[in-house]
Every structure is written in C-alpha cells, then in structure tokens.
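# Residue-level structural notes
Chain by chain, the residues:
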Amino acid sequence: MIHLDVTIMGMSYRLACRPGEERTLREAVSYLDGKMCLLRDSGKVKGTDRIAVMAALSVAAEFLSVKSPQGPLSDLSILEVKQKLESMHAVLDKVLSPQENLV
C-alpha cells in the first residue's frame, strides 16, 4: 500500500491506496474538496459533518444519474439499472421459492 497526504477543506488526511491508483485517488480528493468547499462557501450549510454529508449525497446522486455511453443499457442511469436488477431478483425469488419445497 502507498500512503498519500492530502488536504480536504483545509484539513490534512493520510490515505492509503494500491500502487498505480494514486492519480485516481488524488482526482477523487480534488473533486470532493471542490464540492465541500463550494458548500461551505455558499454559507447554506454549517459544520464540517453536515458539509461532508451533503457533498456525499451530491456525489452519490451524480453517480446514480450517470448513463453508460454505449451498449444495451446506454439509455438507463445506474439507478435505473439497479432498480431493474432488483425487480428481476424479486421475480426470480417468487418463481424459484416453490422449487425449494420440492427437495
């Protein structure tokens, strides 16, 4: 493991990552720092914990709305794909549950 010293919203952190993942981690830190500083500077959210939660929710919402650039699911967001998979699992569970009693 490699240890990186980073700064998020003026606070220093030591983070671990695998070799070759340093750039990705630094980009993630920079993105999160930007989100958190923007929230802090807006004056609408007070307290580091609240800022961190709001930034995490913002990043999660962005992630779930991302669509694949190509392929059979390209018209669906990640959240929509997740919902479809959960629906398929429910159907499969319903159909297969009677099979468990046949043993």
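Only a predicted model underlies this, so the values are computations on that prediction, with no experimental measurement involved. Throughout, a residue's number is its position along its own chain's written sequence, starting from 1. In keeping with the model being predicted, local features are shown solely for residues with a pLDDT of at least 70 and side-chain atom pairs are shown and tallied solely at 80 or more, while totals for entire chains, interfaces and linings include all residues. With hydrogens and water excluded, all non-hydrogen atoms of the structure serve as input to the side-chain values.

## As for the side chain of S77
Operational definition: Helix and strand assignments come from DSSP, with helices taken as H or I runs of at least 4 residues and strands as E runs of at least 2, each series counted from the N terminus. Remark: exposure states derive from per-residue accessible area (1.4 Å probe, protein chains only) relative to the maximum for the residue type, with buried under 20%, exposed over 50%, and partly exposed in between. Residue contacts follow a heavy-atom distance rule, with two residues in contact if any of their heavy atoms lie within 4.5 Å.
As for its position among the elements, S77 is in the loop between α2 (48-65) and α3 (78-100). Here S77 falls in the buried class, since its relative accessible area comes to 8%. Setting aside residues no more than four positions away along its own chain, S77 makes contact with L64, S65, V66 and K67.

## Observations concerning the nonpolar core
Defined as follows: We call a set of buried Ala, Val, Leu, Ile, Met, Phe, Trp, Tyr and Cys residues a nonpolar core when their side-chain atoms join them within 4.5 Å.
Counting residues in hydrophobic clusters, the biggest one holds 11 residues: L4, V6, I8, M9, C17, V29, M36, C37, V45, I51 and A55. Sorting the residues of this core by element identifies β1 (2-8), α1 (22-42) and α2 as the ones contributing at least two each.

## Some points on the pattern of salt bridges
Spelled out, the test is: What makes a salt bridge here is a side-chain nitrogen of Lys or Arg within 4 Å of a carboxyl oxygen of Asp or Glu, nothing more.
Counted according to the given criterion, the structure contains six salt bridges. With its nearest N and O atoms 3.6 Å apart, the salt bridge here joins R18 to E21. Residue class for R18 comes out exposed when judged on its relative accessible area of 53%. For E21, a relative accessible area of 34% puts it in the partly exposed group. As a salt-bridge pair, R40 and D41 come within 3.0 Å of each other at their nearest N and O atoms. Residue class for D41 comes out exposed when judged on its relative accessible area of 57%.

## Concerning α1
Keep this limit in mind: One less than the number of residues in a helix, times 1.5 Å, gives the span that helix is expected to have.
Helix length check: α1, at 21 residues, gives a terminal C-alpha distance of 30 Å against a target of 30 Å (1.5 Å per residue), a fit within 8%. Among all positions of α1, only V29, K35, M36 and C37 are buried. Where α1 is buried, its residues meet β1, β2 (11-17) and α2. A positive backbone phi angle near 80° is found at G43, which sits one or two residues after α1.

## Points about the side chain of K35
Tracing the backbone shows K35 in helix α1. A residue is classified by how much of its surface remains accessible, and K35, at 19% relative accessible area, is buried. The residues contacting K35, other than those within four sequence positions of it, are A55, S58, V59 and E62.

## Quick word on a nonpolar patch on the surface
Put simply, the test is: Residues enter patches when their relative accessible area tops 30% and they take part in no salt bridge; the joining distance is 9 Å for like charges and 5 Å for the nonpolar side chains Val, Leu, Ile, Met, Phe, Trp and Tyr. The method behind every accessible area is Shrake-Rupley, applied with a 1.4 Å probe, and residues are considered shielded solely by the protein chains displayed.
A cluster of nonpolar side chains, V91, L92, V95 and L96, forms an exposed patch at the surface whose accessible area comes to about 370 Å². Position of V95 relative to the elements: it lies in helix α3.

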